[in-house]
Amino acid sequence: MIFSEKYECMDRKELKRLQGERLRDAARRAYENVPFYRKKFDECGVKPEHIQSLDDIVKLPFTVKDDFRQTYPFGLFAVPQREIVRVHASSGTTGKPTVVGYTREDIGIWAETSARTLACGGGTAEDVLQVAYGYGLFTGGLGLHYGGERLGAMVIPMSGGNSMKQLMLMQDFGTTLLACTPSYSLQLAEEAAAEGFDIKKTKLKAGFFGAEPWTEAMRSQIEQRLPVKAIDIYGLSEVTGPGVASECLEQHGLHVFEDHYYPEVINPSTGEPVAPGERGELVFTCLTKQAIPLIRYRTRDLTTLDETLCPCGRTSRRMARVTGRTDDMLIIRGVNVFPSQIETVLMKIDGVEPHYLIVVDKSGVLDELEIKVEVSENLFSDEVKKLEALRRRIFEELRSVLSVSPKISLVEPKSIERSVGKAKRVIDRRDLK
Amino acid sequence: MKVRQISIFMENRAGRLSEVMQLVGDSGVNIRALSLADTSDFGILRLIVNDVDKALGALRKAGHTVSVTDVVAVEVPDRPGGLAGILVPLSADGVNVEYMYAFVEKATDKAVVIFRFEDADAALKTLKTVGISVLSAETVASL
């Protein structure tokens, strides 16, 4: 089912005209109501009247994460505080959190695009949605929750953690749609297996997975262990939260709900738009958001935009699965390494669990890359030479893909911390020295 | 006449062996023989116990990676050349030993050697031909 056919299947020319109109309005609201943007526009010598159509977007300055910190907490708000009905904040690993606000209208639009997300994965009002994303300042839980209600599904606001209860209610309430991080879905499957609970016999049919990077290989693992179609969803609190883009049942790129969140792909070094279909940094402009008219926000996520039409009937452009970030790229002895490359290699080796940890450290002046891999019973042997051969195989395959020699450590099961929210895959100890 | 041996994957870190021993002990299982193969950062603990299933249950429940392998327990005369007398015919028949470890029986003058053969059936055949006695799982459990 397509939740909002009028917008999701809009003729591309007409959509572009609508986007241009909305952009003109957003630029004006930003300039007139946010001193930070007025200053920024003035510095670039751009006035709201210079923005007449969508093509003028390149005249506008970028917004970056640090701008949220500089204006902490409410400096980007374009409306009086009494019109703000909700705030969310993303955890700042360094310094202050990134704070976002929503007017009542913003919450409505967010619920709408989140409902579109659920419908993209086959959800309808008949469904039972278990939301196992965290509720709170994080946008995941409440974002999917409001989307589920807008869709008309029965929503179980579980929040993250408490796996035994998750499984019990999944069974008893007949959950059909599961929303959580991809790594948590595997943890649920693991805990179900340990308890002798056959998760394959539940009514689950689709899972909405996002909030952390994951790979195609992980998708096949999830689809093997849980009876779901694993749908990749995308969102970020700066733009709104979950519901910015979602795969449809074709599972071939994520439809961007671009009548509200306008995407561009730029070359991260030059800031220039890349050629159509080329990989680069994803940039979003919130065309309709009242509380924060976010202009050309650099997400640091690397992707491509596909303009070809999807068989599902939606006309929106599709972004490719995010496979890296401009800032999660590890530079090891001068070589660029993305955690997603490591995961792809590991998942291809039979028996390797999706539980691994990448540790980067310095030994003297040299960077050292260590990858800890949990040894499951499928991998284990009573013979040292077989385990050494496994380790050598992981080593060889990673070295050939990464062009860096990693140290492979085989570790005991469950020794790598399981997270309820975003899985922590990388520890870079070089930062601490 | 094979004996089931439990292998446990262990990271090389302080206190790990004692934790595993405690766990096995608490489950009321008695260890008959053990060996620890180690590399620089992990080890494989191999155990012969009096109750394999009980030990497996306790280890798996605690989240350990374990496996069960068939090994052969052979009684060896406790005198110089005792072990050679077993290895020579095996080697003559081209039977490979992956690893082995030994313990001395309490009440007799014999030693018991646990063998992990590449091909346990071929080994058993050779041992039978040359008349070397192999211990049953029940015997090993009650040693």
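Residues numbered from 1 in each chain as written. Chains lettered and ligands numbered in written order. Predicted model: local features only at pLDDT ≥ 70, side-chain atom pairs only at ≥ 80, totals over all residues. Heavy atoms only, no water.

**What to know about the state of the cysteines**
Residue and element names in this part refer to chain A. The line we're drawing: By disulfide we mean two sulfur atoms from cysteines, separated by a distance within 2.5 Å. When a residue's accessible area, from a 1.4 Å probe over protein chains only, is under 20% of the maximum for its type it is buried; when over 50% it is exposed; and in between it is partly exposed.
Counted under the stated rule, the structure contains zero disulfides over all chains. Here cysteine 180 is not cross-linked by a disulfide; its sulfur's nearest cysteine counterpart is in cysteine 120, at 18 Å. Residue classification places cysteine 180 among the buried positions, given a relative accessible area of 0%.

**Digging into the packing of aromatic side chains**
Each aromatic ring pair is described using two quantities: the centre-to-centre distance and the angle formed by the ring planes. Residues and elements named next belong to chain A. Defined as follows: The aromatic pairing rule takes the rings of Phe, Tyr and Trp, using the six-membered ring of Trp, and pairs them if the centres are within 6.5 Å, calling planes under 30 degrees apart stacked, those over 60 edge-to-face and the rest tilted.
Evaluation of the coordinates by the stated rule reveals twelve aromatic pairs over all chains. With a centroid separation of 5.1 Å and an interplanar angle of 25 degrees, the aromatic rings of phenylalanine 74 and phenylalanine 77 are classed as stacked. Owing to a relative accessible area of 37%, phenylalanine 74 belongs among the partly exposed residues under this scheme. Both rings, one in tyrosine 102 and one in tryptophan 110, keep their centres 4.9 Å apart while their planes meet at 10 degrees; by these two values the pair is stacked. For the pair shown, tyrosine 102 and tryptophan 110 are each scored as buried.

**So, the nonpolar core**
Residues and elements named next belong to chain A. Convention followed: Only buried residues count toward a nonpolar core. Its members are Ala, Val, Leu, Ile, Met, Phe, Trp, Tyr and Cys residues joined through side-chain atoms within 4.5 Å. Note on definitions: a residue-residue contact is assigned when non-hydrogen atoms from the two residues lie within 4.5 Å.
Membership of the largest hydrophobic core comes to 51 residues, with the highest contact counts inside it found for Tyr37, Phe41, Tyr234, Phe284 and Met319. Leave out the neighbours within four places in its chain, and tyrosine 234 touches Gly241, Pro242, Gly243, Val244, Ala245, Leu254, Leu282, Phe284, Thr299, Asp301, Met319 and Val322. Counting residues in each nonpolar core, the second largest holds 30 residues, with Val345, Leu346, Met347 and Ile408 among its members.

**Thoughts on the side chain of A:Ser381**
Selection rule: Secondary structure elements follow DSSP: runs of H or I no shorter than four residues count as helices, runs of E no shorter than two count as strands, and numbering proceeds from the N terminus. Whenever a nitrogen or oxygen atom comes within 3.5 Å of another N or O atom, the pair is scored as a polar contact, on the condition that within protein one atom can donate a hydrogen and the other can accept it, and that pairs from neighbouring residues in sequence are kept only if both atoms are in side chains.
Take A:Ser381: it is sitting in the loop between strand 19 (366-374) and helix 11 (384-402). Judged by its relative accessible area of 11%, A:Ser381 falls in the buried class. At a separation of 2.9 Å, a polar atom in the side chain of A:Ser381 contacts the main-chain amide nitrogen of A:Glu383. Residues within four places of A:Ser381 in sequence aside, it is in contact with A:Lys386, A:Leu387 and B:Ile44.

**A few points about the packing of helix 2 (residues 12-33) of chain A against helix 3 (residues 35-44) of chain A**
Residues and elements named next belong to chain A. What counts here: Think of each axis as a best-fit line through the C-alpha atoms, taken over the contacting stretch in the case of a helix, with angles from 0 to 180 degrees between the N-to-C directions. Any angle that falls under 35 degrees is termed roughly parallel, while one over 145 is termed roughly antiparallel, one within 65 to 115 roughly perpendicular, and all others oblique. All amino acids are sorted into three groups, where Ala, Val, Leu, Ile, Met, Phe, Trp, Tyr, Cys and Pro are nonpolar, Asp, Glu, Lys and Arg are charged, and the leftover types, Gly among them, are polar.
It is at 5 Å that the axes of helix 2 and helix 3 come closest, and there the two elements cross at 105 degrees. In terms of axis orientation, helix 2 runs roughly perpendicular to helix 3. The residues of helix 3 that touch helix 2, namely those facing Ala27, Ala30, Tyr31, Glu32 and Asn33, are Pro35, Tyr37, Arg38, Phe41 and Asp42. Residue composition of the contact of helix 2 with helix 3, grouped by class: six nonpolar, one polar and three charged.

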